Amino acid sequence: MKQLFHSVSLISEKCIGCTKCLMNCPVEAIRVKNGKAVIYNEKCIDCGECIKICPYGAHVAVKDSLDDLSKYKKKVVIPSVTLYSQFGSKVLPCDVNEALLKLGFDEVFDITFACDIAAEILKKDIENVVKPAISTLCPTVIRLIETAYPSLISHLVKILTPIEISAFLIREKYQKQGLKNEDIGVFFLTPCPSWVTKIKELSNNENIKINGAIPISDIYSKMLKYIKHRDTNVNYYISKTGLLWSYSGGQCKAIDVENSISVDGIKNVIKVLNDVETGRLDDIDYIEVLACSNGCVGGLLLVENPYNAERITKMIINKIDFTYKVFDFNNIKNKLINNKDREDKTLKLSSDFKSAVEMIKNMNNIINMLPGTDCGLCGSPSCKAFAEDVAKGLACIEDCKFISNGGKKDES
Amino acid sequence: MLMEELLSVKYDVISGDFIRGGEASSNLKKLLNQLGIRSDVVKRICVACYEAEMNIVIHSVGGYIQAKIYNDRIEIIAYDNGPGIPDIELAMQEGYSTASEIAREMGFGGGMGLPNIKRSSDEFYITSEVGKYTKLKIIIYFD
Ligand SMILES: Nc1ncnc2c1ncn2[C@@H]1O[C@H](COP(=O)(O)OP(=O)(O)OP(=O)(O)O)[C@@H](O)[C@H]1O
Ligand code: SF4
Ligand SMILES: [Mg+2]
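Remember, it's a predicted structure, so these values are computed and weren't measured experimentally.

Another aspect to go through is the overall build of chain B. Scanning chain B from N- to C-terminus turns up five helices and five strands. Counted from the first residue to the last, chain B has its helices and strands arranged as β-α-α-β-β-α-α-α-β-β. Taking 143 residues into account, the globule formula puts the C-alpha radius of gyration at 15 Å, and chain B, at 15 Å, falls close to it. C-alpha extents for chain B along the principal axes are approximately 45 × 30 × 25 Å. Taken across its 143 residues, chain B has 52% of its residues classed as buried. Contacts spanning at least 24 positions in sequence make up 62% of the contacts within chain B whose residues lie at least 6 apart. When the accessible surface of chain B is totalled, it reaches about 6800 Å², and 50% of it is carbon and sulfur. With 15 positive and 20 negative side-chain charges, chain B shows a spacing of 3 Å between the two charge centroids.

Residue and element names in this part refer to chain A. Structurally, chain A comprises domain 1 (1-62), domain 2 (66-336) and domain 3 (351-412). Inter-centroid distance (C-alpha atoms) of domain 1 to domain 2 is 26 Å. Across the contact, 20 residues belong to domain 1 and 14 residues belong to domain 2. For the pair domain 1 and domain 2, the summed buried area comes to about 1300 Å², and 68% of that belongs to carbon and sulfur atoms. At the surface where domain 1 touches domain 2, the tally comes to five residue pairs in polar contact (both at pLDDT 80 or more). No other element matches the three residues that helix H2 (residues 49-53) contributes to the side of domain 1 that touches domain 2.

What follows covers helix H1 (residues 23-35) of chain B. All names here are of chain B. Its 13 residues give H1 an end-to-end C-alpha distance of 18 Å, which sits within 8% of 18 Å, the value for a rise of 1.5 Å per residue. The buried fraction of H1 amounts to ten of the 13 residues, a majority that puts the element mostly inside the structure. Listed in full, the buried residues belonging to H1 are Ala24, Ser25, Ser26, Leu28, Lys29, Leu31, Leu32, Asn33, Gln34 and Leu35. Gly36 sits one or two residues past H1 and shows a positive phi near 80 degrees.

Under the UniProt annotation, "domain: Histidine kinase/HSP90-like ATPase" (unreviewed entry) lies at residues 48-138 of chain B. With 32% helix and 32% strand, residues 48-138 of chain B has end C-alpha atoms that lie 8 Å from one another.

Our next topic: the site of ligand 1. Residues and elements named next belong to chain B. Neighbouring ligand 1 are 20 residues, the closest being His59, Asp80, Ser97, Thr98 and Gly109. Note that an oxygen atom of ligand 1 is positioned 2.8 Å from one of the side-chain N or O atoms of His59. Take Leu114: an N or O atom from its main chain is 2.9 Å from an oxygen atom of ligand 1. Listing elements by their share of the shell around ligand 1, those giving two or more residues are helix H2 (39-59) and helix H5 (113-120). For the shell around ligand 1, the residue count by class is eight nonpolar, ten polar and two charged.

Moving on to unusual backbone geometry. Trans peptide bonds make up most of the peptide bonds, and negative phi angles are found at most residues other than glycine. Of note, the amide linkage connecting Lys131 of chain A to Pro132 of chain A takes the cis form, showing an omega dihedral of -10 degrees. Note that Pro132 of chain A resides in the loop between helix H4 (111-125) and strand E7 (133-134). Omega for the peptide link from Gly82 of chain B to Pro83 of chain B comes to 20 degrees, which places this bond in the cis form. With respect to the secondary-structure elements, Pro83 of chain B resides in the loop between strand E3 (73-80) and helix H3 (88-91). A positive phi angle, near 60 degrees, is found at Asp46 of chain A, a position not held by glycine. Inspection of the secondary structure assignment puts Asp46 of chain A in the loop between strand E3 (36-39) and H2. Even without being glycine, Asn294 of chain A reaches a positive phi, approximately 75 degrees. The class of Asn294 of chain A is buried, set by a relative accessible area of 9%.

Let us now look at the packing of H2 of chain B against H5 of chain B. Residues and elements named next belong to chain B. Axis separation between H2 and H5 bottoms out at 9 Å; the angle between their running directions is 150 degrees. With respect to H5, the element H2 is oriented roughly antiparallel. Viewed along their axes, H2 and H5 form a crossing whose handedness is left-handed. Of H5, the residues touching H2 (which contributes Arg44, Val47, Ala48, Glu51, Ala52 and Asn55) are Gly113, Leu114, Asn116, Ile117 and Ser120. Here the residues of the contact of H2 with H5 sort into five nonpolar, four polar and two charged.

The rules behind these values
- Residues numbered from 1 in each chain as written.
- Chains lettered and ligands numbered in written order.
- Predicted model: local features only at pLDDT ≥ 70, side-chain atom pairs only at ≥ 80, totals over all residues.
- Heavy atoms only, no water.
- Helix = DSSP H or I, 4+ residues; strand = E, 2+ residues; numbered from the N terminus.
- Rg over C-alpha atoms; globule rule 2.2 N^0.38 Å.
- Buried < 20%, exposed > 50% of the residue type's maximum accessible area, 1.4 Å probe, protein only.
- Contact = heavy atoms within 4.5 Å.
- Areas by Shrake-Rupley, 256 points an atom, 1.4 Å probe, with all protein chains shown as cover.
- Lys, Arg positive; Asp, Glu negative; His and termini not counted.
- Charge placed at Lys NZ, Arg CZ, Asp CG, Glu CD.
- Domains from an automatic or database assignment.
- Buried area = accessible area lost by both parts, 1.4 Å probe.
- Polar contact = N/O pair within 3.5 Å; in protein donor to acceptor, adjacent residues only side chain to side chain.
- Expected span 1.5 Å × (residues − 1).
- UniProt positions renumbered as here; feature names shortened; annotations may be inferred.
- Near = heavy atom within 4 Å.
- Nonpolar A, V, L, I, M, F, W, Y, C, P; charged D, E, K, R; others polar.
- Axes fitted to C-alpha atoms, helices over the stretch in contact; angles between N-to-C directions.
- Parallel < 35°, antiparallel > 145°, perpendicular 65-115°, else oblique.
- Left-handed = near helix turned anticlockwise from the far one by under 90°.

Next up, the structure:
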């Protein structure tokens, strides 16, 4: 199996093996082995729930830094739309951008422009996929679908995310001006570990390559020094419809599709994807799905709490009277659509059907021996997961305290 | 040898349990993903199994879903212990439903379940006896 990079990772020395993360991982990607947590990379979706719950700071987000900024001739930063919600409602987006320039970037790309382009294409794109169309903004949701809901891949919209569109437009612009692609440094200010992972996946596509994902929480205090407070309604070019992409429900509003739902929080996302699979939601046009509660303003690498951040965004939106009029993008539209088939990363037991069947049988036999208490002492999150681990050879049956103490289940 | 049943799983389905209703199809789906069944086929199985499961929850006194896996296909038996369907032809019509007010409020009762099962399956058999049972047999081939 190929080695997958994940931003969410573990510092073994800090882990005391308490099993909190084990029981709280929504996709059962964590085990405790020899008193230390282990993350199964092929299952991990980078949601960051383990980072939130670990009392010892053992789960962390591996991230990029701005150290090698000077390597590039042109340094362009793409702020997540959520950045504008982090400094209170009196700090205007233009002043946030100005602070970024002071940190050494040559240009702050206006991501709300990319949001408006994405919204415009999305309106039509949702008719080109299996209903209900599912949004692709959140990399955690995409990974969840690719690993556990492969039948929903055909529901995913094909338009690139505003972040990828921004990278594309930046690279195109500076290459036209004669710069070599490798001299253009594109950085994303990320609200979440999920995007740190995602940009690594994008890195073999030169057109939309992003050189680093910097946590907003890392750059925050550096920015504070340069932040000005001036509460006026200056007319600056940032789009109010673009800013809507910050919080849950905003995307649906931006594309103006009424027959839609917005789902936030990873556990809710899982519930709704289950419903989509049964066909129960076939009448809905669009589903906005975001792993964090309240959407991207709930990102783990932000400073402001999600609910206040939403309020701040709305107050800023109220001060703005500007939206990009996007009509003439037909010449680039094709480049902003991802026509490659998404990889089905389902976790099959075996590439051979017969041996997969044998493993299931084996698993079912093991489950019948287990107490069904999901105590977690074996290091697997549930008896069922433990049975699977044993069948796969990742755990041995004596790891179960019930079994090793000679426990037998009553035959009923 | 091709006809040999490789694996069989059975899930109890409880009448009126809307909270757990859907678990059988959800568990079955996970199993099929683990076996590496093609995702479009899994989707059809999932839809058929879910509708059959919810019919047991909503319309019957309770029963079970049994899934038998063969080399080339899955066979799903959805069996319940009544009240049975008096007029199967009528029940199979799109839009026909006797669902209760509560079920309707939960978004069920469109009368689309049985027609959807039929549409999703390669072979579909339904038998019923009033006061005794309803039995669905759904066959879907893997490719
Ligand atoms: N297992 C069953 N036992 C008794 N009656 C049933 C059973 N399954 C279906 N029926 C009858 O057949 C009718 C049609 O079923 P069908 O699944 O097509 O629609 P529905 O369940 O009423 O609505 P929907 O499936 O769209 O939520 C039901 O309303 C009910 O009267
Ligand atoms: S909801 Fe937004 S902030 Fe949270 S993981 Fe997804 S993309 Fe990142
Ligand atoms: Mg029904």
